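Results of the structural survey
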Amino acid sequence: MAALTRISRPSSIPFSNITKSLYFYTTSAAQPQNTNNSYLQNIKFSRKDPKDRNVQWVFLGVPGVGKGTYASRLSTLLGVPHIATGDLVRKELASSGSISQQLAEIVNQGKLVSDEIIFNLLSKRLIAGEAKGESGFILDGFPRTVKQAEILEGVTDIDLVVNLKLREDVLVEKCLGRRICSQCGKNYNVASINVKGENGNPGMSMAPLLPPAHCMSKLITRADDTEEVVKERLRIYNDKSQPVEDFYRSRGKLLEFDLPGGIPASWPRLLEALNLDDYEENRSAAA
Ligand code: AMP
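Overview of the structure. Bear in mind that the values here come from a model prediction, so they are computed numbers and not experimental data. (Residues numbered from 1 in each chain as written. Predicted model: local features only at pLDDT ≥ 70, side-chain atom pairs only at ≥ 80, totals over all residues. Heavy atoms only, no water.)

Some thoughts on the overall build of the chain
Check the secondary structure of the chain and you find 13 helices and 10 strands. Here the chain, with 287 residues, has 47% of them falling under the buried criterion. Of all intrachain contacts in the chain linking residues separated by at least 6 positions in sequence, the fraction that spans at least 24 positions is 75%. (Helix = DSSP H or I, 4+ residues; strand = E, 2+ residues; numbered from the N terminus. Buried < 20%, exposed > 50% of the residue type's maximum accessible area, 1.4 Å probe, protein only. Contact = heavy atoms within 4.5 Å.)

Have a look at this one:
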């Protein structure tokens, strides 16, 4: 895979096209006659040649697999923003804005919020990033349905979709161990996972991902990380989001990546799979 050609730094490309189109969708989506797919075909959008723009990647994977962790590390490495729609939703929830009560009910049951709300939050985030000179993105938690993937495809080109996979018995344990620092917003995990190899399957160990001392007393658990809600979120993923994998697989954009364990084992292997292992070495040497 020619990941290195994709990450060469082109001049900064504004997001005007994508933000305008998503915003157009959002504002028009309030009008029922405009929410169908034929409406989307009317969007006029000039696409940039991939060599003229920055990374536009998507991270897929079941809740708890570690999309946020790896997307955030790659975003630092590549100098592009990591945009997690779950974070945008939680920020909106915390803001006690007009839709926060409505959102709390949906999110705390593990259900998906409406496309209208998601596109609204995402386009606002992209517009704010554009104003700061951001270019490119690593999306995490979006698209979550084939409809969202189709809308995204209607407005911009995604270069690569990384599908992170982890054995299911480990996933619930990881979700239940997840903690967020209520001050800096970073994700940690207190679970110490040690699954023995069985029936020819290898064992797996994942050390806890503990925060620095100053975050320790500020750790909180997400309201949707209870066992019942995690199981519901996994069910919804299999129902609504797994078809998104097929959507990108059929377009030849899907990179499947089986996580072999925790960060120390997985990060170098992921960089290798993305042809970025030399890139990290060169960056560290230049730092
Ligand atoms: P996450 O942090 O990605 O697990 O997202 C937390 C919650 O935010 C999800 O359970 C959904 O309720 C909502 N959410 C995040 N992204 C989306 C999306 N693309 N579409 C619909 N709902 C979303």
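Once you've had a look at it, read on.
Quick notes on the packing of aromatic side chains
A complete count under the given rule lists two aromatic pairs for this structure. Both rings, one in Phe119 and one in Phe142, keep their centres 5.4 Å apart while their planes meet at 85°; by these two values the pair is edge-to-face. Placement of the pair is Phe119 in helix H7 (residues 115-131) and Phe142 in the loop between strand S3 (137-140) and helix H8 (146-155), with a sequence separation of 23 residues. For the pair Phe119 and Phe142, one class covers both residues: buried. Residues Phe247 and Tyr248 carry aromatic rings whose centres are separated by 5.0 Å and whose planes lie at 85° to one another, so their mutual orientation is edge-to-face. (Phe/Tyr/Trp six-rings, centres within 6.5 Å; stacked < 30°, edge-to-face > 60°.)

Focus: a negative patch on the surface
Among the surface-exposed residues, Glu272, Asp277, Asp278 and Glu281 lie close enough to one another that they form a single negatively charged patch. The greatest single-element share of the negative patch, amounting to three residues, is contributed by helix H13 (residues 277-286). (Patch = residues over 30% accessible without salt bridge, like charges linked within 9 Å, V, L, I, M, F, W, Y side chains within 5 Å. Areas by Shrake-Rupley, 256 points an atom, 1.4 Å probe, with all protein chains shown as cover. Salt bridge = Lys/Arg side-chain N within 4 Å of Asp/Glu carboxyl O. Lys, Arg positive; Asp, Glu negative; His and termini not counted. Charge placed at Lys NZ, Arg CZ, Asp CG, Glu CD.)

What to know about the side chain of Thr145
Of note, Thr145 is situated in the loop between S3 and H8. Judged by its relative accessible area of 13%, Thr145 is buried. A distance of 3.1 Å separates a polar side-chain atom of Thr145 from the backbone nitrogen of Gln148. If we ignore the near neighbours within four places in the chain, the residues touching Thr145 are Leu112, Asp115, Lys240 and Val244. (Polar contact = N/O pair within 3.5 Å; in protein donor to acceptor, adjacent residues only side chain to side chain.)

What to know about the site of the ligand
Lining the immediate environment of the ligand, one finds 16 residues, of which Thr85, Arg90, Lys111, Gly141 and Arg144 sit closest. Thr85 is positioned such that a nitrogen or oxygen atom in its side chain is 2.8 Å from a nitrogen atom of the ligand. Here Arg90 contributes a side-chain N or O atom positioned 2.9 Å from an oxygen atom of the ligand. Here the ligand loses 96% of its free accessible area of 480 Å² to cover by the protein chains. The greatest single-element share of the shell around the ligand, amounting to four residues, is contributed by helix H5 (residues 85-94). Classifying every residue of the shell around the ligand by side-chain character gives six nonpolar, four polar and six charged. (Near = heavy atom within 4 Å. Nonpolar A, V, L, I, M, F, W, Y, C, P; charged D, E, K, R; others polar.)

Quick look at the packing of helix H9 (residues 168-176) against helix H11 (residues 227-249)
Between H9 and H11, the shortest axis-to-axis distance is 10 Å and the interhelical angle comes to 130°. In terms of orientation, H9 and H11 fall into the oblique class. Judged by the twist between their axes, the crossing of H9 over H11 is right-handed. Residues Glu168, Leu171, Val172, Cys175 and Leu176 of H9 form the contact with H11, whose own contacting residues are Glu227, Val230, Leu234 and Asn238. (Axes fitted to C-alpha atoms, helices over the stretch in contact; angles between N-to-C directions. Parallel < 35°, antiparallel > 145°, perpendicular 65-115°, else oblique. Left-handed = near helix turned anticlockwise from the far one by under 90°.)

Describing the sheet that holds strand S5 (residues 178-181)
The three strands lie next to each other as S6-S5-S9, forming an open sheet whose pairing is antiparallel. Only two strands of the sheet have a single partner each, and these edge strands are strand S6 (187-189) and strand S9 (219-220). Pairing geometry for S5 and S6, over three bridges, is antiparallel. Residue pairing across strands places Arg178 opposite Asn189, the latter belonging to S6. (Pairing = 2+ DSSP bridges.)

Things to note about the pattern of salt bridges
In a structure, side chains of opposite charge can pair up when their charged atoms sit close to one another. Counted under the stated rule, the structure contains 18 salt bridges. The salt bridge involving Lys111 is made with Glu232; its shortest N-O contact spans 3.1 Å. Linking Lys111 in the loop between helix H6 (100-108) and H7 with Glu232 in helix H11, this pair joins segments that are 121 residues apart in sequence. Given a relative accessible area of 38%, Lys111 falls into the partly exposed group. Where Glu232 meets Arg235, a salt bridge forms, and the shortest distance between an N and an O atom there is 3.0 Å. Pair noted here: Glu232 and Arg235 are both in helix H11, with a separation of three residues, about one helical turn. Sharing partners across several salt bridges, the network here consists of Lys165, Glu245, Asp246, Arg249 and Glu256.

Quick look at the pairing of S5
Where S5 folds back onto S6 in an antiparallel hairpin, the turn is made up of five residues, including Gly185, whose phi is positive at roughly 80°. Two strands pair when backbone bridges link them, and S5 and S9 are joined in this way by two bridges, in the antiparallel orientation. Its bridge partner being in S9, Cys181 is matched across the sheet by Leu219.

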